[in-house]
Amino acid sequence: MITNTMSALMSAGTTLKQAQVQQHALKKDEGHAGILKAEIEHSVKTDTSAKQAELKETEEHAADLRSKQTDTLESATTELRDNIDRSRETDREDAKKETKAAEKKKSEKTEKENKNGKLGNAPETDENGENDGVKAVTGTEKSEVVEPTTVETPDPIRVHKPIDITV
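As the structure is a prediction and not an experimental result, all values here were calculated from the model.

Visitor: Just to check I follow, could you spell out the overall build of the protein chain for this structure?
Guide: If you tally the helices and strands in the protein chain, you get two helices and zero strands. Within the protein chain, the fraction of its 167 residues that count as buried is 16%. Across the protein chain, contacts joining residues at least 24 apart in sequence account for 67% of those joining residues at least 6 apart. About 13,400 Å² of surface is accessible on the protein chain, with carbon and sulfur atoms providing 54% of the total.

Here it is, written out as structure tokens:
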């Protein structure tokens, strides 16, 4: 499971780098579009149809990049959520197995003691059935099975955060 977690984290890191590259290209397109808009506004007597066509193409490219970036980040988020869910489920199953193993070990120990003629915490006696008033310590005074507890913490990936995309 650790291998799956590590590969998911590495994949998410790669995806985030890809989103950063897309963000850089998006900023470049937005800057170029701003320059074109300013040039069109300040062109009084010249034909601006070429610049308007370039502006339209740049804005379309920026919108496409924004869409791709959103898809990239959504897929990374989904992959991480799925991996976290699988990891939590595996942890729960492991905890159940450990609890069952501890219960089984305790019951086997009790059965073994019962076979040897001892019941629970009964002090050992000599052949005559006497114990000289001394209680023998058998190591089974009170062994408790501690059940694992899970603390639910808020998942930072699942917390809704607004995305500020200005157009």
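Visitor: Looking at this structure, I do not really get the side chain of Thr72. What am I missing?
Guide: Looking at where Thr72 falls in the secondary structure, it is placed in helix α2 (residues 49-115). Note on Thr72: relative accessible area 11%, which makes it buried. What Thr72 contacts, discounting residues up to four positions off in sequence, is Thr15, Gln18 and Gln22.

Visitor: Sorry, what's going on with the environment of His24 here?
Guide: Inspection of the secondary structure assignment puts His24 in helix α1 (residues 2-42). In this structure His24 comes out as exposed when scored by relative accessible area, which is 60%. When the C-alpha atoms of His24 and Leu65 are compared, they prove to be 10.0 Å apart, with 41 residues separating the residues in sequence.

Visitor: Help me out: how do you make sense of the pattern of salt bridges in this one?
Guide: Two side chains bearing opposite charge may form a pair once their charged atoms approach each other closely. According to the stated counting rule, one finds five salt bridges in the structure shown. As a salt-bridge pair, Glu39 and Lys51 come within 2.9 Å of each other at their nearest N and O atoms. Placement of the pair is Glu39 in helix α1 and Lys51 in helix α2, with a sequence separation of twelve residues. Judged by relative accessible area, which is 33%, Glu39 ranks as partly exposed. A salt bridge links Arg92 to Glu89; its shortest N-O distance comes to 3.0 Å. Of this pair, Arg92 and Glu89 are both found in helix α2, three residues apart, which corresponds to roughly one turn of the helix.

Visitor: Would you mind going over a negative patch on the surface with me for this structure?
Guide: A cluster of acidic residues, Asp91, Glu93, Asp94 and Glu98, forms a negative patch on the protein surface. Considering the arrangement of structural elements, one finds Asp91 in helix α2. Exposure remark for Asp91: the relative accessible area of 48% places this residue in the partly exposed category.

Visitor: How should I be thinking about the environment of Ser75 in this particular structure?
Guide: With respect to the element layout, Ser75 can be found in helix α2. Spatially, the C-alpha atoms of Ser75 and Thr15 are 8.7 Å apart, while their sequence positions differ by 60 residues.

About the thresholds
Residues numbered from 1 in each chain as written. Predicted model: local features only at pLDDT ≥ 70, side-chain atom pairs only at ≥ 80, totals over all residues. Heavy atoms only, no water. Helix = DSSP H or I, 4+ residues; strand = E, 2+ residues; numbered from the N terminus. Buried < 20%, exposed > 50% of the residue type's maximum accessible area, 1.4 Å probe, protein only. Contact = heavy atoms within 4.5 Å. Areas by Shrake-Rupley, 256 points an atom, 1.4 Å probe, with all protein chains shown as cover. Salt bridge = Lys/Arg side-chain N within 4 Å of Asp/Glu carboxyl O. Patch = residues over 30% accessible without salt bridge, like charges linked within 9 Å, V, L, I, M, F, W, Y side chains within 5 Å. Lys, Arg positive; Asp, Glu negative; His and termini not counted. Charge placed at Lys NZ, Arg CZ, Asp CG, Glu CD.

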